[in-house]
Amino acid sequence: MVIADPHQIKNRATGSPVNTVPNDPSADAPVGSTWPGLTDEAHSQWYIERFRAMAARGDDLQGEARLVDALAPRHARLLDAGCGPGRHGGYLATLGHEVVGVDVDPALIAAASAEHPTATWVVSDLSQLDLVLDGETATFDGAFIVGNVLDFVPPEHRNRVLERIAAHLRPDAFFVIGCRAGNGFTAADVDTAISTMDLVLEQRFATYDMRPWQADSPFSVSVLRAPAR
Ligand SMILES: C[S@@+](CC[C@H](N)C(=O)[O-])C[C@H]1O[C@@H](n2cnc3c(N)ncnc32)[C@H](O)[C@@H]1O
């Protein structure tokens, strides 16, 4: 697996270096991910091409990002957690937000970087996320983990992933978590996870176009809020 050198990544909004805890391929500790692209580069390429084909067909790929944009102040700094090839963060960057996308798969980050040059794209395992931007711990006006990312995080790492994202939130920041009840976190799992974090549940929807959530909804979109302080 090719590892991007974190020291070569620049914050595209300021030109300053971005530092992260990089994935260490020689480490014994398992990466907090079951994403198939980590062991099968063809899968990553298939995933990239799949979304390129959908975009070329004119499919709506921005539903999640529209909800994020509605929550965000203008020119917000946003964390796209598990960004893949960047369809959400790339779109949000075109709206004027300062986007940092993080993903464990270097091939997807390379595609995001090539296709969406105005955002900053970083290879990192979210369960070890420790982002430094412009010499300071990076903090965000909003973060989102959408597109079934949590399906590909082993259950024992999921709370840690949410904690590491929450650790990068500014006061009053929002945090959107999308998950499938069947495969990923259930809404109840989200509630349990955040009970130990400084976050409150502000809204819960069944879809990204804000249909009402019910206990038997197959999908949940939780909007969490950090304290204003
Ligand atoms: C189904 S894709 C979704 C990509 C993107 N969020 C979207 O909606 O298009 C799941 C993504 O989660 C990423 N992922 C899984 N485990 C991760 C981890 N521990 N840290 C960072 N990214 C992870 C994978 O590399 C993959 O890009």
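Every value quoted in this text rests on a predicted model; they were computed, and no experiment measured them.

Some remarks on the overall build of the protein chain
Consideration 1: Scanning the protein chain from N- to C-terminus turns up 6 helices and 10 strands.
Consideration 2: Per-residue burial over the protein chain gives 44% buried out of 229 residues.
Consideration 3: Considering only residue pairs separated by 6 or more positions, the protein chain has 66% of its internal contacts joining residues 24 or more positions apart.

A look at the site of the ligand
Consideration 1: Every one of the 21 residues lining the ligand counts as a neighbour, but S33, G82, G84, V104 and G147 are closest to it.
Consideration 2: For the shell around the ligand, the per-class residue count stands at 9 nonpolar, 8 polar and 4 charged.

Examining the packing of helix 1 (residues 41–57) against helix 4 (residues 106–115)
Consideration 1: Interaxial distance between helix 1 and helix 4 falls to 9 Å at its minimum, and their mutual angle equals 30°. Classified by the interaxial angle, the pair formed by helix 1 and helix 4 is roughly parallel. Crossing of helix 1 over helix 4 shows right-handed handedness. The residues of helix 4 that touch helix 1, namely those facing E41, S44, Q45, Y47 and I48, are A107, L108 and A111.
Consideration 2: Its residues assigned to classes, the contact of helix 1 with helix 4 shows 5 nonpolar, 2 polar and 1 charged.

Here's the deal with unusual backbone geometry
Consideration 1: Even without glycine at this site, N148 takes up a positive phi of about 65°.
Consideration 2: On the secondary structure map, N148 appears in the loop between strand 7 (140–145) and helix 5 (155–166).
Consideration 3: Positive phi values are uncommon outside glycine, yet R229 reaches one of about 60°.
Consideration 4: Mapping R229 onto the fold places it in the segment after strand 10 (219–225).
Consideration 5: A tally of 7 C-beta atoms within 10 Å means that R229 is categorised as exposed.

Focus on the nonpolar core
Consideration 1: Grouped together as the largest cluster of nonpolar side chains are 61 residues, with contacts concentrated most on L78, A81, A143, I165, F175 and V176.
Consideration 2: Sort the elements by how many residues they give to this core and strand 8 (residues 169–180) lands first, with 7 residues.
Consideration 3: The residues touching I165, leaving out its near neighbours within four places in the chain, are L79, A81, L126, L129, A143, I145 and F175.

A look at the pairing of strand 2 (residues 77–81)
Consideration 1: Among the 5 residues that make up strand 2, 5 are buried, leaving the element largely enclosed by the rest of the structure.
Consideration 2: Here strand 2 shows two buried faces, one formed by R77, L79 and A81 and the other by L78 and D80.
Consideration 3: Pairing of strand 2 with strand 3 (residues 98–103) involves 5 bridges; the strand directions are parallel. Paired with L78 across the strands is V99, a residue of strand 3.
Consideration 4: The β-α-β motif built from strand 2, the intervening helix 3 (residues 87–94) and the parallel element strand 3 has right-handed crossover chirality.
Consideration 5: Judged from the 3 bridges that link them, strand 2 and strand 7 form a sheet pairing that is parallel. Bridge pairing links L78 to G142 in strand 7.

Focus: the environment of G84
Consideration 1: Summarising the element assignment, G84 is placed in the loop between strand 2 and helix 3.
Consideration 2: Residue classification places G84 among the buried residues on the basis of 24 C-beta atoms within 10 Å.
Consideration 3: The sequence separation of G84 and I109 amounts to 25 residues, and the corresponding C-alpha distance is 6.6 Å.

Some details on the packing of helix 2 (residues 63–71) against helix 3
Consideration 1: In the contact formed by helix 2 and helix 3, the axes pass within 9 Å of each other and the chain directions differ by 45°. Classified by the interaxial angle, the pair formed by helix 2 and helix 3 is oblique. Taken as a pair, helix 2 and helix 3 cross one another with a handedness that is right-handed. Where helix 2 abuts helix 3, its residues E64, A65, V68 and D69 lie against H88, Y91 and L92.
Consideration 2: By residue class, the composition of the contact of helix 2 with helix 3 is 4 nonpolar, 1 polar and 2 charged.

With respect to the confidence of the model for the protein chain
Consideration 1: Per-residue pLDDT for the protein chain averages 90, and the proportion of residues at 70 or more is 86%.
Consideration 2: Note on residues 1–7: pLDDT under 50 across the span, and 18 contacts to partners over four residues away in sequence or across chains.

Digging into helix 5
Consideration 1: Here helix 5 spans 18 Å end to end across 12 residues, near enough to the 16 Å set by a 1.5 Å rise per residue.
Consideration 2: In this structure, the buried residues of helix 5 make contact with strand 2, strand 7, strand 8 and helix 6 (187–194).

Thresholds, definitions, all that
Residues numbered from 1 in each chain as written. Predicted model: local features only at pLDDT ≥ 70, side-chain atom pairs only at ≥ 80, totals over all residues. Helix = DSSP H or I, 4+ residues; strand = E, 2+ residues; numbered from the N terminus. Buried ≥ 20, exposed ≤ 12 C-beta atoms within 10 Å, placed from the backbone. Contact = placed C-beta atoms within 7 Å. Near = placed C-beta within 6 Å. Nonpolar A, V, L, I, M, F, W, Y, C, P; charged D, E, K, R; others polar. Axes fitted to C-alpha atoms, helices over the stretch in contact; angles between N-to-C directions. Parallel < 35°, antiparallel > 145°, perpendicular 65-115°, else oblique. Left-handed = near helix turned anticlockwise from the far one by under 90°. Core = buried A, V, L, I, M, F, W, Y, C linked by C-beta atoms within 7 Å. Pairing = 2+ DSSP bridges. Right-handed = clockwise from strand over helix to strand, strands pointing away. pLDDT = per-residue confidence, 0-100. Expected span 1.5 Å × (residues − 1).

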